[in-house]
Amino acid sequence: GSLSRESSPVSSTPVAERPARRQPSEADSEMPPMRARKRRGAADSVTATYAYGEDAADPPATGKPKPKTLCEIFAHLQGDTGPNELQLWNSAMRRTVSRAEREGKEVHDALMTRGLDGRLADGSMLVKSSLGYPESSSLSYLEHPSLIQMMLGLAAANGDHVTEEDMRERISLQMQRESESSAARAPTALPSRPEASTLLSRFDAAATEDPLAGQSEVPALARLLGEARCEVSSDFLHGDVRCLAAAGPALVLAGATGYKHREPWAKRFAPKAIEPRSLAECAAAALVGAAEPASLEACASALSGSASGSVLEQMTQYFEVEESYTASDPAAVKTLFSSSVRSAAVDPHSGLTWLGEACGRRFKAFDAEGRCCYTLDSPSTDALAVAAHHGARVLVAPGGAGKLAFWNTASLDARTGGVRQYRGEGPWRERVLTLQVLEGSEEADVLSFSDAEGVCWLEEVEGKVDVTRGEAPHATRTVEAGEHANSFSAICDVGDGKLALAANGRSRGDGTLNAEVIAVFDVAAGRTSRLFGHVPAPGGYIRQVNALSSAPELAGTLASGCSDGTVKIWDVRARRPTHTLLGLEDSRTEGIAAVALVAGGGGGWPFVFSSSPDAAIKLWDLRASGRCLYELATGNARVDSLVWHSESRTLLAVAERGEAPRSGGWGGDSDEEPEDEDWDAWPTDARHREDDFGVRWDLPHSGSSVVLQYRFKGSPAQPSRTMKSYFSKGNESVAKWRSIGEAYACRR
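Here's what I pulled together on the structure shown here. Keep in mind the model is a prediction, meaning the values are calculated, not measured. (Residues numbered from 1 in each chain as written. Predicted model: local features only at pLDDT ≥ 70, side-chain atom pairs only at ≥ 80, totals over all residues. Heavy atoms only, no water.)

What about the pattern of salt bridges?
Spelled out, the test is: Think of a salt bridge as a Lys or Arg side-chain nitrogen and an Asp or Glu carboxyl oxygen that are within 4 Å of each other. By definition, any uninterrupted DSSP run of H or I lasting at least four residues is a helix, any uninterrupted run of E lasting at least two residues is a strand, and each is numbered from the N terminus. Classification of residues uses two cut-offs on accessible area relative to the type maximum, computed with a 1.4 Å probe and protein chains only: under 20% is buried, over 50% is exposed, and between them is partly exposed.
Taken as a whole, this structure holds 31 salt bridges when the rule is applied. The salt bridge involving Asp692 is made with Arg202; its shortest N-O contact spans 3.8 Å. With Asp692 in the loop between strand E31 (650–656) and strand E32 (706–712) and Arg202 in strand E2 (residues 201–203), this residue pair connects regions lying 490 residues apart in the sequence. Residue classification places Arg202 among the buried residues on the basis of a relative accessible area of 7%. The salt bridge involving Arg573 is made with Asp496; its shortest N-O contact spans 2.7 Å. On the criterion of sequence distance, the pair formed by Arg573 in the loop between strand E24 (566–571) and strand E25 (576–582) and Asp496 in the loop between strand E18 (488–493) and strand E19 (498–503) is long-range, its members being 77 residues apart. For Asp496, a relative accessible area of 47% puts it in the partly exposed group. Each of Arg202, Asp614, Lys618, Glu631 and Asp692 takes part in a single network of salt bridges with overlapping partners.

Description of the sheet that holds strand E26 (residues 595–601)
So the rule is basically this: Two strands pair if DSSP finds at least two bridges between them. To get an axis, fit a line to the C-alpha atoms, keeping to the stretch in contact for a helix; angles then go from 0 to 180 degrees between the N-to-C directions.
Across the sheet, five strands lie side by side as E2-E29-E28-E27-E26; this open sheet has antiparallel pairing. Lying at the two open borders of the sheet, with one neighbouring strand each, are E2 and E26. Strand-to-strand twist in this sheet, taken as the mean axis angle between neighbours without regard to direction, amounts to 25°. Where E26 lies against strand E27 (residues 604–612), six bridges are found, and the strand directions are antiparallel. Its bridge partner being in E27, Ala599 is matched across the sheet by Pro606.

Let's talk about the packing of aromatic side chains
What counts, and what does not: Whether two aromatic rings pair depends on their centres lying within 6.5 Å, for rings of Phe, Tyr and Trp, where Trp uses its six-membered ring; planes under 30 degrees apart make the pair stacked, over 60 edge-to-face, and the rest tilted. Look at NZ for Lys and CZ for Arg. If either is within 6 Å of the ring centre and within 35 degrees of the ring normal, a charge sits over the ring.
Applying the stated criterion to the full structure yields eight aromatic pairs. Measuring from ring centre to ring centre gives 5.7 Å for Tyr422 and Phe449, while their planes differ by 80°; the resulting arrangement is edge-to-face. Remark: Phe449 occurs in helix H10 (residues 449–454) and Tyr422 occurs in strand E15 (residues 419–425); sequence separation between them is 27 residues. A relative accessible area of 11% means that Tyr422 is categorised as buried. Residue Phe449 is classed as partly exposed on the basis of its relative accessible area, which comes to 23%. Ring centres of Phe609 and Phe712 lie 6.1 Å apart, and the angle between their planes is 50°; this geometry places the pair in the tilted category. Taken together, the residues span a long stretch of sequence, with Phe609 in strand E27 and Phe712 in strand E32 at a distance of 103 residues. Overall, Phe712 belongs to the buried group, its relative accessible area being 4%. What links up through ring pairs into an aromatic cluster is the set Phe74, Trp89 and Phe532. Residue placement shows Arg202 over the ring face of Phe693; its charged tip is 5.6 Å from the ring centre.

As for helix H2 (residues 85–102)
As a reminder of what qualifies: Helix span, as expected, comes to 1.5 Å for every residue beyond the first.
Along its 18 residues, H2 runs 26 Å from first to last C-alpha, staying within 8% of the 26 Å computed at 1.5 Å per residue. Among the 18 residues of H2, 13 are classified as buried, and the element is accordingly described as predominantly covered. Two residues or fewer after H2 comes Gly104, characterised by a positive phi angle close to 70°.

So far we have only geometry, and geometry alone does not tell us how the molecule works.
Structure (structure tokens):
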């Protein structure tokens, strides 16, 4: 870190004034790692003790001066600390928690306080957005007659005899104060946007300067991203999307469908070029098909905004959704998983799509026609990544607690492909089971009927589930050792032969120790380093890194979204964060679910998209000190996954539009729907007002996931402001769009 001890806000307490450290007892070894404990104070109150509290032991002495301030601790952790770095981190967090409690603060506030140079203790620049609403805290429910009578009774019991009129006046005064406080925290956006920007964008008022100003040569993609030049579409899918993967020209959505979302479901996105008709379109199509990507980008940048550039843009690829396989129709396609899909990955070199079985331990590879080519037997299917190692392509999956499993794609056993099922004959109690190989080799190892039945969520194994056992890992490597070793929920290739790993915050009961710490594993050296900076969780709570993202053009750079409400950008080689992005002051209540790192061309031009608890997608410019440029509307849907598809210049998001009361919501003691309920009204859980964006867009409630596509292009079409769907607002009718596709169609 770059802060001095004097400038650190949490290091002002002299060492001599610190309370004596409690010595660990034998009972500590039997205590769970995360929980809330009672601590007696002046008011005999109960406070939450962090996971790194009384159980955390100090690291063994090394003969070097012991780091004391947060800045010194982070500087020490970002160096070569050896095997005791986790102990040092836990011990430091214990002292930080103790000091924050004495000062009446939270550890989150302590770690998120800037020094004199604008940096946090971990050395990163804190970048805040002025967009986004704080969490709503309306007190209107206090006006309910039954609650007023209850408060009058409590006041009388305490000797405060007030009338109902006085109580209503008190409530009104408190509501007015809350309204004024909320208005002071309201987002500040620029009154206008660049000419070609989509109406579904809102630019941050803090970014007063043009992000592209002063640049002699601006890459085409950087200009499109910086000015929000995109077209937006939304599609509801008949299923619950749980994973999203993209690489090369392919993109795959996968998840669950059917009864209680137990059956597997997947769709493949295939790029498709527009059919050229005119001579200019034929010439542009030939250029797109033959030119190198760098030459094509330079040509698009030079022609941006012109008629020729528009024709060239039309010849670029776009996504067309086509279903490639599903377990609900095994006669047509033979995936035959025993349960829903938990993870997915795409190998651009082979064109194969890899899917992981949620209930079981198998990965399957499918080609473009939906045929199963390989089956892997993995200790865990929580995550899968395709990485490069010494010129070879390897598949990487969690290998159990603290381990990774590897397969060399060039040495996979093709005999594990195909489909094998058990079929029965005769009465049920005397049924004779026969293994049938419907497709593929007869030499592949299979699961016994009892093994398949033990992991199956479907009603019957017979005739419904493929029982190929799969190929065991070619190699297993230990990342972390010991009883506190974590399993991994996300794997990301960050280049240089290194893998970034996020721990599963729920792998051990109610919370996992150090789940906010990112592990970096050097495959060739077999060595593990760690990235410290995300805020730990109070005891008994879940804190974990939800998403990791990297870009091939930005080797050594990693983006992470955490449940502490921040996005951190890491220099993996230096083992330190460069930026800490904070969209909402209260976002730690829900956290960041998804991030997507994007290289804007040229010398990198790094950008990152991030989800937000206030139902929006934010774009951050990571050059220099960083800043939030704008946010994109999502139709009031909460984003769960983000993927940037570079070939089509498209940001894809998987979101959900939950059911929420509208026009006053549910009230009273009755379980029946109110007569004045208007399900077309603006939802009460929406964190954006009707006119925050240029177009009112509110997706309807659906039990299925929605896929949002933001296609960035030089001359994007704009949605229509003239809307057809209306909802009541007082005595007037206000229009809005339910389907953003209709808004674009109406404009055309």
